[in-house]
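Each chain is listed here by its residues.
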Amino acid sequence: MNNPIKDKWEKHYNSCTNDLPLPAAVLLHKQHLLPAHGTALDLACGHGANALCLAAHGLTVFAWDIAAAALTRLAQTAKERAISIKTEARDVTQYPPAPDTFDVIVVSRFLERDLIESIRHAIKSNGLIFYQTFIKDKVADTGPRNPNYLLGKNELLQFFSDWNIIYYCEEGTTGNLEQGFRNQAMIIAQKP
Ligand SMILES: C[S@@+](CC[C@H](N)C(=O)[O-])C[C@H]1O[C@@H](n2cnc3c(N)ncnc32)[C@H](O)[C@@H]1O
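Residues numbered from 1 in each chain as written. Predicted model: local features only at pLDDT ≥ 70, side-chain atom pairs only at ≥ 80, totals over all residues. Heavy atoms only, no water.

Draft legend 1. Region of the structure containing the overall build of the chain. The helix and strand tally for the chain stands at six helices and seven strands. For the chain, the α and β elements follow one another from N to C terminus as α-α-β-α-β-α-β-β-α-β-α-β-β. Whereas a compact globule of 192 residues would reach a radius of gyration of roughly 16 Å, the chain reaches 16 Å, a difference of no more than 12%. Of the contacts made within the chain by residues no fewer than 6 positions apart, 61% connect residues no fewer than 24 positions apart. Just so you have it, the chain exposes about 9,900 Å², and 50% of that area is on carbon and sulfur atoms. For the chain, the centre of its 19 positive side-chain charges and the centre of its 20 negative side-chain charges are spaced 2 Å apart. (Helix = DSSP H or I, 4+ residues; strand = E, 2+ residues; numbered from the N terminus. Rg over C-alpha atoms; globule rule 2.2 N^0.38 Å. Contact = heavy atoms within 4.5 Å. Areas by Shrake-Rupley, 256 points an atom, 1.4 Å probe, with all protein chains shown as cover. Lys, Arg positive; Asp, Glu negative; His and termini not counted. Charge placed at Lys NZ, Arg CZ, Asp CG, Glu CD.)

Draft legend 2. Representation of the site of the ligand within the structure. Of all residues adjacent to the ligand, which total 16 residues, the nearest are Tyr13, Ala44, Asp65, Asp91 and Ser108. Residue serine 108 places a side-chain N or O atom 2.6 Å away from an oxygen atom belonging to the ligand. Contact between the ligand and arginine 109: an oxygen atom at 2.9 Å from a side-chain N or O atom of the residue. In the complex, 89% of the free accessible area of the ligand, which totals 590 Å², lies under the protein chains. Per-element accounting of the shell around the ligand gives the leading share, three residues, to helix 1 (residues 4–14). Of the residues in the shell around the ligand, the class split is nine nonpolar, three polar and four charged. (Near = heavy atom within 4 Å. Polar contact = N/O pair within 3.5 Å; in protein donor to acceptor, adjacent residues only side chain to side chain. Nonpolar A, V, L, I, M, F, W, Y, C, P; charged D, E, K, R; others polar.)

Draft legend 3. Seen up close, the environment of threonine 39. Mapped onto the secondary structure, threonine 39 falls in strand 1 (residues 39–43). Separated by 84 residues in the primary sequence, threonine 39 and isoleucine 123 place their C-alpha atoms 9.8 Å from one another. Within the local environment of threonine 39, its side chain forms a polar contact with the backbone oxygen of threonine 101, the two atoms lying 3.2 Å apart.

Draft legend 4. Representation of the sheet that holds strand 3 (residues 85–89) in the model. Here seven strands make up an open sheet; going across it, the order is 3-2-1-4-5-7-6 and the pairing mixed. The strands lining the two open edges of the sheet, one partner per strand, are strand 3 and strand 6 (164–169). Taken pair by pair, the neighbouring strands of this sheet meet at an average axis angle of 15°, ignoring direction. Two strands pair when backbone bridges link them, and strand 1 and strand 4 (residues 102–108) are joined in this way by four bridges, in the parallel orientation. Looking at the pairing, alanine 40 lines up with valine 104 of strand 4. The strands touched by helix 4 (residues 68–80) are strand 2 (60–65) and strand 3; relative to strand 3, the strand with the most contacts, the crossing angle is about 165°. (Pairing = 2+ DSSP bridges. Axes fitted to C-alpha atoms, helices over the stretch in contact; angles between N-to-C directions.)

Draft legend 5. Structural detail: the nonpolar core. By size, the foremost hydrophobic cluster in this structure holds 27 residues, and its most contacted members are Leu54, Val61, Leu74, Ile85, Val104 and Phe130. Mapped onto this core, the elements with two or more residues apiece are helix 2 (25–28), helix 3 (49–56), strand 2, helix 4, strand 4, strand 5 (123–134) and strand 7 (184–190). The element that contributes the greatest number of residues to this core is helix 3, accounting for five residues. For leucine 74, the residues in contact, after removing those within four places along its chain, are Cys45, His47, Gly48, Ala51, Leu52, Ala63, Ile85 and Thr87. Ranked by size, the runner-up nonpolar core spans 25 residues in total, among them Ala122, Ile129, Tyr131 and Ile135. (Core = buried A, V, L, I, M, F, W, Y, C linked by side-chain atoms within 4.5 Å. Buried < 20%, exposed > 50% of the residue type's maximum accessible area, 1.4 Å probe, protein only.)

Draft legend 6. Region of interest: helix 3. Among the eight residues of helix 3, seven are classified as buried, and the element is accordingly described as predominantly covered. Those residues of helix 3 not exposed but buried are Ala49, Asn50, Ala51, Leu52, Cys53, Leu54 and Ala55. Considering only its buried residues, helix 3 is in contact with helix 2, strand 1, strand 2, helix 4, strand 3 and strand 4.

Draft legend 7. Broad picture of the packing of aromatic side chains. For the structure shown, the criterion picks out four aromatic pairs. Measuring from centroid to centroid gives 5.1 Å for phenylalanine 160 and tryptophan 163, while their planes differ by 65°, and the two rings are edge-to-face. The class of phenylalanine 160 is buried, set by a relative accessible area of 0%. Among the aromatic residues, those joined into a ring-pair cluster are Phe62, Trp64 and Phe102. The ring centre of phenylalanine 62 lies 5.9 Å from the NZ or CZ of lysine 86, which sits over that ring. The positively charged end of arginine 90 is found above the aromatic ring belonging to tryptophan 64, 3.7 Å away from the centroid. (Phe/Tyr/Trp six-rings, centres within 6.5 Å; stacked < 30°, edge-to-face > 60°. Lys NZ or Arg CZ within 6 Å of the ring centre and 35° of its normal.)

Here it is, written out as structure tokens:
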């Protein structure tokens, strides 16, 4: 069946010649919080910089994205680095992760509010969420323009407010806008 979101992203990745992005800041700068072993999911992974980081850390990694074209490049990169990643072309809104499946889930620059409850259930007890995505209070023309895909103030924090909050950052439009972590919010939280 025709899926305009899939078509859009397949087109994007088929014409994308960018270098592989870095892992999301929330993971890149806080890798020391990861468990030494277990299963991890990079949800809506794109080229899978987070997945590669998680696998290099020794976790068993699954990487899902609606765009097969993104996963082809990720599989190639993983092969070159002799890293194992289980890639799957999957519409996560139709096929969300099953309950109690992952020790770690990483989501970066992707927001589907209807999926938050499934993500919360999919993480095992004591497991971790690393989540980073765009906010409405952006100071630069980056990320989506559609407000449906942008976080309200402290919204990311509220998604996990009953978990153990290990780290939260949302600078919004406070202070010197030339500096700091702007345009996105990020959270690391542990499921009780
Ligand atoms: C802005 S990109 C972010 C990619 C990666 N997480 C990153 O931070 O570089 C958003 C990603 O979400 C994927 N995506 C969009 N809708 C999806 C869906 N329903 N199921 C799975 N992936 C989806 C797109 O294909 C795209 O790779």
